[in-house]
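Remarks on the overall topology
Okay, here's what each chain looks like letter by letter:
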Amino acid sequence: MCSSDLANNLQFPAVSQLKDLKDFSQATSGLIQNFSSLLKEGETVRFSDQDQVMICTFLVTAEYCLDTAQQLQEKLKQKVDASLNEEINFSTELDMFHASISNCLSLLVQELDIACDAPLISMTKINWSQVQQVGDQSMYVSQLITTWRGMLPRVRECLSASRKYFTQFCVKFVSSFIPKFISMLYKCKPLSTVGAEQLLLDTHSLKTVLMDLPNICESAAMKPNRKAPAAFTKVVVKGMTRAEMILKVVMSHADPPAIFIEQYVRLVQDPDAVELGKLLEMKGLKRHDQVTFLALFKEMNTQDGIDVPSPAQQTGSPSTHALAEQSRVKKIG
């Protein structure tokens, strides 16, 4: 579903019509309900450039009203008799302004998130098993970067007076995008080694751009001279590094299985059997061929207090190497 201009979707009463704080509270509540109606689960609402500017305007206005209401509350408490301080409470109005700001951020993240869907879907439709050589970044990467360059500068400019909320927008977006990107990686199967290498290059390219996403611009000459916030960078590094590690595991040799499992446990944080199965499918292994790998992983997972050796180490738990040897013998037989 496409939206018409957002201004046509949201109706505001004139300021002159607001007789007191109760009317103001009701008007604000109506605004939040209108916002929420645009976030109904299962519906796809797209916002034009003008809509995005309007949403940012709502956010900045709500922030101004929030600050003003807080200051007014404190000033009134200073002016009245101390016994009446508890009677002055704008918490309902303050909560509404906070909710308005949160909804504005959600709408902006939703728009950018949906705009990334088409390039990510095209990534999954590439025949990665037939990739013959590693080249420049794939087309879907360029499409994602173009999408970001189209929206980020506009939102940053509109929120120039509300920098902390622009940072929140960026953090919320990458927190949504990176898990979606990883879930799409699982669908890129089967992968040849060269295909995995190309995906790894693409992932690194995306990571590099995402690291500086708050400063992304339409041209290099317009690039702001500032570092991305540390809180934002932390989210990107953790998420995209996991994506890189997943691909490095897929690039590892499956034989012997014990070494492959050790590589998985060593490289990927919080490994689990479900994800391991997805990685094995990315390598092209059928379900019945995954039994040995999953059994090894389960055994390692139950050996509390035992460090998992790296592939470079020649020693390990006897039971692990016994299973690996059984796998080799079975293959030779």
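Residues numbered from 1 in each chain as written. Predicted model: local features only at pLDDT ≥ 70, side-chain atom pairs only at ≥ 80, totals over all residues. Heavy atoms only, no water.

**Some points on the packing of helix α5 (residues 117–124) against helix α6 (residues 139–158)**
- Here α5 crosses α6 at 170°, and the two axes come no closer than 9 Å. The pairing of α5 with α6 is recorded here as roughly antiparallel in orientation. For the pair formed by α5 and α6, the contact residues are Pro119, Leu120, Ser122 and Met123 on the first element and Tyr140, Gln143 and Leu144 on the second.
- Here the contact of α5 with α6 is composed, by residue class, of five nonpolar, two polar and no charged. (Axes fitted to C-alpha atoms, helices over the stretch in contact; angles between N-to-C directions. Helix = DSSP H or I, 4+ residues; strand = E, 2+ residues; numbered from the N terminus. Parallel < 35°, antiparallel > 145°, perpendicular 65-115°, else oblique. Contact = heavy atoms within 4.5 Å. Nonpolar A, V, L, I, M, F, W, Y, C, P; charged D, E, K, R; others polar.)

**Quick word on the packing of aromatic side chains**
- This model, assessed by the stated rule, comprises seven aromatic pairs.
- Seen from their ring centres, Trp148 and Phe177 are 5.4 Å apart, and the 85° between their planes marks the pair as edge-to-face. Linking Trp148 in helix α6 with Phe177 in helix α7 (residues 163–186), this pair joins segments that are 29 residues apart in sequence.
- Among the residues examined, Phe177 registers a relative accessible area of 0% and is labelled buried.
- Ring pairs connect the aromatic residues Trp148, Phe173, Phe177 and Phe181, which therefore count as one cluster. (Phe/Tyr/Trp six-rings, centres within 6.5 Å; stacked < 30°, edge-to-face > 60°. Buried < 20%, exposed > 50% of the residue type's maximum accessible area, 1.4 Å probe, protein only.)

**Describing the pattern of salt bridges**
- On inspection of all chains with the given rule, the structure shows eight salt bridges.
- Between Arg46 and Glu111 there is a salt bridge, and its shortest N-O distance comes to 2.8 Å. Linking Arg46 in the loop between α2 (21–37) and α3 (49–79) with Glu111 in helix α4 (residues 91–115), this pair joins segments that are 65 residues apart in sequence.
- Taking the relative accessible area as the measure of exposure, Arg46 reaches 31% and is therefore partly exposed.
- A relative accessible area of 5% places Glu111 in the buried class. (Salt bridge = Lys/Arg side-chain N within 4 Å of Asp/Glu carboxyl O.)

**A look at the nonpolar core**
- If you look at the biggest cluster of nonpolar residues, it comprises 82 residues, and the most contacted ones within it are Trp148, Phe169, Phe177 and Phe181.
- At 13 residues, α7 tops the list of elements feeding residues into this core.
- In this structure Trp148 touches Leu112, Cys116, Pro153, Phe173, Phe177, Leu206, Val209, Leu210, Leu213 and Ile216, once residues within four positions along its chain are discounted. (Core = buried A, V, L, I, M, F, W, Y, C linked by side-chain atoms within 4.5 Å.)

**Quick word on the confidence of the model for the protein**
- With 76% of its residues at a pLDDT of 70 or more, the protein has an overall mean of 82.
- Element-level pLDDT for the protein is lowest in helix α13 (residues 318–332), with a mean of 42, against a maximum mean of 97 in α5.
- Considering only residues more than four positions removed or in separate chains, one finds that residues 10–19, a stretch of pLDDT under 50, has 13 contacts.
- In this model, residues 304–333 is a region of pLDDT below 50 whose contacts with residues beyond four sequence positions or in other chains number 32 contacts. (pLDDT = per-residue confidence, 0-100.)

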